[in-house]
Amino acid sequence: MPVAQYQSASGSGENRSEDRVTLSKTKPSTWPVTPRLPTTGRLSHPKKPLPTRTISVDDEILLRPVTEYDQVVMWQAIDSGREYLGEYMPWLHEYPTEETHTLGFKKRLFERDNFDRTGSYVVEFQNQLAGTMGFGNPSRDNSVDVGYWLREDLRGRGIMTRCVSALINKAIVEMGIHRIVIRAANANLSSRGIPERLGFVREGTMRGTGYVNGEYMDLEIYSMLDHEWLTRSTNA
């Protein structure tokens, strides 16, 4: 499944119902994480960089921070899936060779660690790299965009739906994010199916705003608010 419009540390579907998600019980970090449940529909903007910690989604899937040691295997996954991923991913043309990918990968990690507040994760499925996902910088309105890509041979197993659910839970419950946004190309039905299965609201279409392979494409915008997610989780 080519993916939502998102750029992860690498330069940076499924047809399955929702799966139960459990978060790993990791030792709290020095970064103070205090759940902030909505009372008036408004939450304060997070003051600290968003933490990227390991998330145990279930017995098959692990989300962990991207590290420098992921570069080679990530390049192999991207290069071998170039035709498939390139249909919707605007960043793929930036990495025609392993050398360009290595440079971009190191630059992105440096920027993440020193300047911005994004969170990038490797998706491990049965101990193998399956793709990446993450969130961008929180906006001044306490909203973040979530994006992802998955290897073509792993489509249809519900992997990314489970991952997105786990990441949303962390962003809303632990970090107090108010609004989660997913953008996907109109024709990318696999990617659009993820927010639709998770109960996101389709807000509308941004016409001609995605530019891939020399062509403009429409993007569908989906969103989930904190109180909607918490109500949904309580009733699940």
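One structure accompanies this document, and this report is about it. Numbers given for residues are sequential positions, taken from 1 along each chain in its written order. Local features in this predicted model are restricted to residues whose pLDDT is 70 or higher, and side-chain atom pairs enter the listing and the counts only when it is 80 or higher, whereas totals over whole chains, interfaces and linings include all residues. Note: side-chain values were computed over all heavy atoms of the structure, leaving out hydrogens and water.

### What about the sheet that holds strand β8 (residues 215-225)?
So, step 1. Taken in spatial order, the eight strands line up as β1-β2-β3-β4-β5-β6-β8-β7 in an open sheet, and their pairing is mixed. For this open sheet the edge positions go to β1 (55-56) and β7 (201-212), each flanked by a neighbour on one side alone.
So, step 2. Of the pairings in the sheet, the one linking strand β3 (residues 119-125) to strand β4 (residues 128-135) comprises seven bridges and is antiparallel in character. Directly across from V122, in β4, lies its bridge partner T132. Note on pairing: DSSP must find at least two bridges between two strands before they are called paired. Elements are defined by DSSP. Helices are runs of H or I of four residues or more, strands are runs of E of two residues or more, and each kind is numbered from the N terminus.

### A short note on the environment of M217
So, step 1. Structurally, M217 is set in strand β8.
So, step 2. Exposure classes here rest on a 1.4 Å probe applied to the protein chains alone. A residue is buried below 20% of its type maximum, exposed above 50%, and partly exposed in between. Given the relative accessible area of 17%, M217 is considered buried.
So, step 3. Put simply, M217 and M206 are 11 residues apart on the chain and 8.8 Å apart in space, counted from C-alpha to C-alpha.

### Overview of the pairing of β3
So, step 1. For β3, a buried count of seven out of seven residues is recorded, marking the element as mostly surrounded by other parts of the structure.
So, step 2. Residues of β3 alternate between two faces, with G119, Y121, V123 and F125 on one and S120, V122 and E124 on the opposite face, all of them buried.
So, step 3. Two elements, strand β2 (residues 61-65) and β3, share five bridges in a ladder whose sense is antiparallel. Bridge pairing in β3 links P65 to Y121.
So, step 4. In this structure, the hairpin formed by β3 and β4 is closed by a connection of two residues, where Q126 is found at a positive phi of approximately 50°.

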